[in-house]
Amino acid sequence: MAAVAAGVGQQWVLVEMVQAFYEAPAYHLILEGILILWIIRLLFSKTYKLQERSDLTLKEKEELIEEWQPEPLVPPVPKDHPALNYNIVSGPPTHIITVNGKECINFASFNFLGLLNNEKVKSAAQASLKKYGVGTCGPRGFYGTFDVHLELEERLAKFMRTEEAIIYSYGFATIASAIPAYSKRGDIVFVDEAACFAIQKGLQASRSNIKLFKHNDMADLERLLKEQESEDQKNPRKARVTRRFIVVEGLYMNTGDICPLPELIKLKYKYKVRIFLEESLSFGVLGAHGRGITEHFGINIDDIDLISANMENSLASIGGFCCGRSFIIDHQRLSGQGYCFSASLPPLLAAAAIEALNIMEDNPETFLLHLHKDSLRISGISGLKVVGESFSPALHLQLEESWGSRENDVKLLKRVVDYCMNSGIALTQARYLEKEEKCLPPPSIRVVITVEQTEQELDRAASLLKEAAQSVLN
Amino acid sequence: MANPSAVCNGHLHHHHHQKQNNLLKSGISKKNGIIKGTKKNGVSNGTLYKKPFIEHFEQAPMYVAVFTFVGFAVGTIFGYLRDFMRAWGLEKRNIAAEREQQKDFVPLYQDFENFYTRNLYLRIRDNWNRPICSVPGPQFDLMERVTDDYNWTFRFTGRTIKNVINMGSYNYLGFAETDVNALKTVTIELEKYGTGVCSTRQEMGTLDKHVELENLVAKFLGVEDAMVFGMGFATNSMNIPALVGKGCLILSDELNHTSLVLGARLSGATIRIFKHNNMQSLEKLLRDAIIYGQPRTHRKWRKIIILVEGIYSMEGSIVRLPEIVSLKNKYKAYLYLDEAHSIGAVGATGRGVVEYFGMSPNDVDVLMGTFTKSFGAAGGYIAGKKDLVDFLRTHSHSAVYATSMCPPVAEQIIRAMRCLMGLDGTTQGLQRVRQLEKNTRYFRRKLHEMGFIIYGNDDSPVVPLLLYMPGKIGAFARRMLEKNIGVVVVGFPATPITESRARFCVSAAHTREMLDTVLNALDELGDFLHLKYSRYSKSSHPELYEESRLED
């Protein structure tokens, strides 16, 4: 580089540089090359690496892994947990039931119409067993559709006077699959806070926006609908694609009362919200023919977008169904998870349901008149109050006042139940998963009225309950 | 598709080479304690596996993927064209419509949501939901149906197609049967109990029959206790939320069944997905989870649970259980194993993948399975330690809110299980398990020899045969039905878009003649529809099929 200094004019500098480049020794060039590369590297590399500093060494990682102690898979359950030791029923759970070795009159099973022990139903199931065996060995899509399923769907649709019905192989899965088939993320569901657990799970699976309204409080529902309306005006583009639904039960499992359907229909058209109706308890119970709450109120069934019910109560079989217009129901055949991805209903259970439906259709009055006996006989027990409509066949007996804690209340009610059970009346407490329920109902004794119970038996149950309450609560 | 044989030959060496490479790699990595899960070829891992573990996932030639996409593209273009014609009234609209009174509601379905259903699925809809009118045994009767409006609606002709060979039902051990003697006890119990229960397990729905079944299931599986549920799907979706919750981590195989996915979602736990049966992917997730804790807060995870299936019903693959158990022990995670398809179907005495790998049932924390398949009934179970089952008795969603299992169905499970355990005084159950194994190996071997690409484990009775192109789905199933064979075909979205397939479920009740009829039909149809894509010839891996093991 010394040669550069000898340069005379600016224009020569470049020429001389090139010349010097040629003349310089090889080691010099290599050294300079390395220096230049070094500078470039320094320019482009960061002064320090954030990443490297926080990175754990392999040893530290191993230590962390070594240290980590998970919780046990399940916490131990105390031996005296109120739900651990089940009542064991020997033989069929019919009108006369043997619970824990003791013969009782059944006031606990939802066998409203007494079809569980019906000979006709049994022989229909037997015939089906002979022809089809037990299982279906496949989902509906893959050779799990039997002619009996199609027949049952047709019969249910006809019975309910709707266009189409779809059956599921499990009652719980019916509404729990139906809701997420329509309501997706971003959609809005207005739901009664007393809604049963299956509805709650369906809503959770749908990942929709859930708005709870106070039980059977139409003013509260309308308040929420209005709120949503003003929300929609702010963002009409979003509102145009946000589906909305109201989900209610015909006869509430948790409260024993019915939904005010006529008002709900008014709100439906006013605010353009679709109605999904869960009728597991009201199907076969309400209305002159047992078609449920729509028949009870004399409402056009087409005003309800979707009706879901199980076949495990009145029909005394297993499974559930949804019915409504084909436009709506057919969608579940590809989108109802519990329908598409589960084995179909065993044919013998479908056959039993068909036969039960036949019996219901043939002479509804024999059942329904008997069913709506005055269940008020059960009322008037000091310390216990009846919750639910007088014509509801599934009532709750709650403590008039709590004895301090839920745990105490449950224990007291258990003693009442045990007292009755010892004297030949089978009852049960209504069971809930206390931590999972959205709005946990107070502890209660469930009283189920069926057509098979005679007036004397009802009176006996009432007097026994009075006695029990007397001895336990006072 | 010109000169396919040349393509085959051209790739043969390359593939063989690759296979050796993979084997070599896995040999090396094994020493480091990391197990290389390779997707293409079988890997036998000598340290953990007591017998060779061979699975195939051969990739089709590139041109197949290209034509598959072309097929979908053509279908989509025609779909748009026809949607356009329907919109302008040039084609009749058959779609059920919204009520007049509710036209101004927010549409229940987005138009694009149903595009695929309307324009692609509809064309081949006749291949699903085919109604049957007999027991789903090795052969069944189908109700003949025809369509007058290109699959929009079906009309029954009133005729039945008799004695169709059933390659679709999950009747692995042939317990879907109507033999009067076999069903004797079921008949008795049906007469005694009726069909329903009308109550939940916790209220008034625990029958002596359920207790009997639960004790038998626990004994069959060799565990302390078991609980049974009325529906297999719900066994997963209603019990996983009881076991894990917020602050827990679920590691789930990417191909897990919808019920497991739903259960995981409902639990509120964080879900991370690992590649199908890929142990490296699983180990990385496990390590990262423990080292970095929960996202953002970096709190430690409360517990980590791995969800896997025994046999994957769309791939025919068997879970790499020994490796998963060693990983789970190393990282103190819990293992939930869904044996829906594997219980009864694999293992020397039909006790599922645990037995298949010669492991102890205590190696798995939660053993889940269904009764729908091998037992020809309905429902599911969860089995394991007494603590676990006691906890479920008190906390399972199903025990509290769902009607309990139908008693005659419970009896069907009992009688099938007793038969399998030899408690009925015969060896019939064992024979069924052996027959299934024999049938499976025979059927798989023949398909390999014919040059089809089939997926999965050599011992898996679920046999997926790759069809790839959408047009072949319909053609295949229809032509098989013409030959009196009922098959299941599956396409997107149940499979990846390029991997449409037919799935056979081999049964112990299939006779050699039935299987040969099916194989002959497949051979013929494979040539006609050009389905023999495999670039292995039989000689390239004769070690997989020892004749001596097949013919005893």
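Criteria and thresholds
Residues numbered from 1 in each chain as written. Chains lettered and ligands numbered in written order. Predicted model: local features only at pLDDT ≥ 70, side-chain atom pairs only at ≥ 80, totals over all residues. Heavy atoms only, no water. Helix = DSSP H or I, 4+ residues; strand = E, 2+ residues; numbered from the N terminus. Rg over C-alpha atoms; globule rule 2.2 N^0.38 Å. Buried < 20%, exposed > 50% of the residue type's maximum accessible area, 1.4 Å probe, protein only. Contact = heavy atoms within 4.5 Å. Areas by Shrake-Rupley, 256 points an atom, 1.4 Å probe, with all protein chains shown as cover. Lys, Arg positive; Asp, Glu negative; His and termini not counted. Charge placed at Lys NZ, Arg CZ, Asp CG, Glu CD. Buried area = accessible area lost by both parts, 1.4 Å probe. Salt bridge = Lys/Arg side-chain N within 4 Å of Asp/Glu carboxyl O. Polar contact = N/O pair within 3.5 Å; in protein donor to acceptor, adjacent residues only side chain to side chain. Nonpolar A, V, L, I, M, F, W, Y, C, P; charged D, E, K, R; others polar. Patch = residues over 30% accessible without salt bridge, like charges linked within 9 Å, V, L, I, M, F, W, Y side chains within 5 Å. UniProt positions renumbered as here; feature names shortened; annotations may be inferred. pLDDT = per-residue confidence, 0-100. Phe/Tyr/Trp six-rings, centres within 6.5 Å; stacked < 30°, edge-to-face > 60°. Pairing = 2+ DSSP bridges. Axes fitted to C-alpha atoms, helices over the stretch in contact; angles between N-to-C directions. Parallel < 35°, antiparallel > 145°, perpendicular 65-115°, else oblique. Left-handed = near helix turned anticlockwise from the far one by under 90°. 1 Å grid on protein atoms, 1.4 Å probe; cavity = no way out; pocket = protein on both sides within 12 Å on 5 of 7 lines; lining within 4 Å. Points joined across faces, edges and corners; volume = space filled by probe spheres on them.

(A) Here's a closer look at the overall build of chain A. Secondary structure summary: chain A contains 20 helices and 15 strands in total. For 474 residues, the compact-globule estimate of 2.2 N^0.38 gives 23 Å, and chain A exceeds it by more than 25% at 35 Å. Considering chain A as a whole, with its 474 residues, one finds that 57% of them fall into the buried category. Taking the contacts inside chain A whose residues are at least 6 apart along the sequence as the reference set, 68% of them involve residues at least 24 apart. Roughly 20900 Å² of accessible area belongs to chain A as shown, and the carbon and sulfur atoms make up 55% of that amount. Considering chain A, the positive charge centre built from 51 side chains and the negative charge centre built from 60 side chains are found 2 Å apart.

(B) Layout of the overall build of chain B. Looking only at helices and strands, one finds 17 helices and 15 strands in chain B. Out of the 552 residues in chain B, the part that is buried amounts to 62%. For chain B, the share of sequence-separated contacts (at least 6 apart) that also reach a separation of at least 24 residues comes to 70%.

(C) View of the interface of chain A and chain B. With 117 residues of chain A in contact, the opposing surface of chain B contributes 116 residues. For chain A, the biggest contributors to the area lost against chain B are Trp 68, Leu 73 and Tyr 143 of chain A; these three give 10% of the whole. Joining chain A to chain B, the criterion identifies six salt bridges. For the salt bridge of Arg 274 of chain A with Glu 98 of chain B, the shortest nitrogen-to-oxygen distance reads 2.7 Å. Inspection of the region where chain A meets chain B yields 47 residue pairs in polar contact (both at pLDDT 80 or more). Its residues placed into classes, the side of chain A that touches chain B shows 61 nonpolar, 27 polar and 29 charged.

(D) Molecular detail of a nonpolar patch on the surface. All names here are of chain B. On the surface, a cluster of nonpolar side chains totalling about 630 Å² of accessible area is made up of Met 62, Val 66, Phe 67, Val 70, Val 74, Phe 78 and Leu 81. Locating Val 74 in the fold gives a position in helix H2 (residues 62-87). For Val 74, a relative accessible area of 41% puts it in the partly exposed group.

(E) Broad picture of the pattern of salt bridges. Using the criterion set out here, one finds 53 salt bridges over all chains in the structure. Taking the shortest distance from any N to any O, the salt bridge between Glu 295 of chain A and Arg 291 of chain A comes out at 3.3 Å. There is no split in this pair, since Glu 295 of chain A and Arg 291 of chain A are both buried. Among the ionic pairs, Arg 393 of chain B bridges to Glu 214 of chain B, the shortest N-O distance being 3.0 Å. Remark: Glu 214 of chain B occurs in helix H5 (residues 208-221) and Arg 393 of chain B occurs in helix H11 (residues 386-395); sequence separation between them is 179 residues. The two residues Arg 393 of chain B and Glu 214 of chain B agree in class, both being buried. One salt-bridge network, in which partners are shared between bridges, spans Arg 140, Glu 153, Glu 164, Asp 330 and Arg 333 of chain A.

(F) Structural context of the UniProt feature "transmembrane region" (unreviewed entry) in chain B. If you check UniProt for "transmembrane region" (unreviewed entry), the listed places come out as residues 60-81 of chain B in our numbering. Secondary structure across residues 60-81 of chain B divides into 91% helix and 0% strand, with the first and last C-alpha atoms of the span separated by 31 Å.

(G) Structural context of the confidence of the model for chain A. On average, chain A scores 90 in pLDDT, and the residues at 70 or more come to 93%. For the stretch residues 1-8 of chain A, pLDDT sits under 50, and the model shows eight contacts to residues farther than four places along the chain or on other chains.

(H) Layout of the packing of aromatic side chains. Residues and elements named next belong to chain B. For the structure shown, the criterion picks out 29 aromatic pairs over all chains. Ring geometry for Phe 84 and Trp 88: centres 6.1 Å apart, planes at 45°, overall tilted. In this structure Phe 84 comes out as partly exposed when scored by relative accessible area, which is 48%. Taking relative accessible area as the criterion, Trp 88 reaches 62% and is therefore assigned exposed.

(I) How the structure looks around the UniProt feature "transmembrane region" (unreviewed entry) in chain A. Residues and elements named next belong to chain A. As annotated in UniProt, the feature "transmembrane region" (unreviewed entry) corresponds to residues 26-44 and 165-183 in the numbering used here. Taken end to end, residues 26-44 comprises 100% helix and 0% strand; its first and last C-alpha atoms sit 27 Å apart. Segment residues 165-183 splits into 63% helix and 21% strand. End C-alpha atoms: 19 Å apart.

(J) Up close: the sheet that holds strand E12 (residues 462-468) of chain B. All names here are of chain B. Overall, antiparallel pairing links the three strands, which are arranged E12-E15-E14 in an open sheet. Either end of the sheet is taken by a strand with one partner, and the two such strands are E12 and strand E14 (488-490). Across the sheet, the mean angle separating the axes of adjacent strands is 25° when strand polarity is ignored.

(K) View of the packing of helix H7 (residues 147-160) of chain A against helix H17 (residues 347-362) of chain A. Residue and element names in this part refer to chain A. The N-to-C vectors of H7 and H17 enclose an angle of 30°; their axes lie 9 Å apart at closest approach. It follows that H7 is roughly parallel to H17 by the angle criterion. The element H7 and its partner H17 pack so that their crossing is left-handed. The segment H7 lies against H17, with Val 148, His 149, Glu 151, Leu 152, Arg 155, Leu 156 and Phe 159 engaging Pro 347, Ala 350, Ala 351, Ala 353, Ile 354, Leu 357, Asn 358, Met 360 and Glu 361.

(L) The sheet that holds strand E1 (residues 89-90) of chain A, seen in detail. Residues and elements named next belong to chain A. The strand order across the open sheet built from four strands is E1-E2-E3-E13, with neighbouring strands paired in mixed fashion. Where the open sheet ends on each side, the last strands, each with one partner, are E1 and strand E13 (425-426). Judged from the two bridges that link them, strand E3 (residues 102-106) and E13 form a sheet pairing that is parallel. Across the sheet, Asn 106 pairs through a bridge with Ala 426, a residue of E13.

(M) Quick look at empty space enclosed by the protein. Across all of its chains, the model carries six cavities of 30 Å³ or more by this definition. Reported here for the largest cavity is a volume of approximately 380 Å³. Within the residue set of the lining of the largest cavity, elements represented by two or more residues are helix H8 (171-182) and helix H9 (197-206) of chain A together with helix H12 (397-401) of chain B. Broken down by element, the lining of the largest cavity gets its largest block of residues, three residues, from H8 of chain A. Looking at the lining of the largest cavity residue by residue, the classes come out as 13 nonpolar, eight polar and six charged.

(N) The UniProt feature "domain: Aminotransferase class I/classII large" (unreviewed entry) in chain B, seen in detail. The sites that UniProt annotates as "domain: Aminotransferase class I/classII large" (unreviewed entry) are residues 162-522 of chain B. Secondary structure across residues 162-522 of chain B comprises 42% helix and 17% strand; the distance between its end C-alpha atoms is 20 Å.

(O) A look at unusual backbone geometry. Of note, the bond from Phe 492 of chain B into Pro 493 of chain B is cis; its omega dihedral lies within 30 degrees of zero at 10°. Locating Pro 493 of chain B in the fold gives a position in the loop between E14 and strand E15 (500-505). The phi dihedral of Lys 272 of chain A is positive, around 55°, even though this residue is not glycine. Turning to its location among the elements, Lys 272 of chain A is positioned in the loop between helix H12 (261-271) and strand E8 (274-278). Taking the relative accessible area as the measure of exposure, Lys 272 of chain A reaches 32% and is therefore partly exposed. With a phi close to 65°, Tyr 468 of chain B is a non-glycine residue in the positive phi region.

(P) Region of interest: the environment of Lys 303 of chain B. If you trace the backbone, Lys 303 of chain B turns up in the loop between helix H8 (279-292) and strand E7 (304-309). You can call Lys 303 of chain B buried: its relative accessible area is 4%. In this structure the C-alpha to C-alpha distance between Lys 303 of chain B and Met 85 of chain B, which are 218 residues apart in sequence, comes to 56 Å. Ignoring sequence-local partners within four residues, the contact set of Lys 303 of chain B consists of Trp 68, Pro 70, Glu 71, Pro 72 and Leu 73 of chain A together with Leu 243, Val 244, Gly 247, Cys 248, Leu 249 and Tyr 334 of chain B. For Lys 303 of chain B, the side chain forms a polar contact with the main-chain oxygen of Leu 73 of chain A, separated by 2.7 Å. Within polar-contact distance, the side chain of Lys 303 of chain B engages the backbone oxygen of Leu 243 of chain B at 3.0 Å.

(Q) Local environment of the pairing of strand E10 (residues 380-384) of chain B. All names here are of chain B. The element E10 is extensively covered by neighbouring structure, given that five of its five residues are classed as buried. Residues Gly 380, Ile 382 and Gly 384 of E10 are buried on one face, and the alternating residues Tyr 381 and Ala 383, pointing to the opposite face, are buried as well. Here strand E4 (residues 225-229) runs beside E10; their pairing, made up of five bridges, is antiparallel. In the strand pairing of E10, Met 227 is matched with Ile 382. Note: strand E9 (residues 366-370) against E10, four bridges, orientation antiparallel. Each residue of the ladder has a partner; that of Leu 367, found in E10, is Ala 383.

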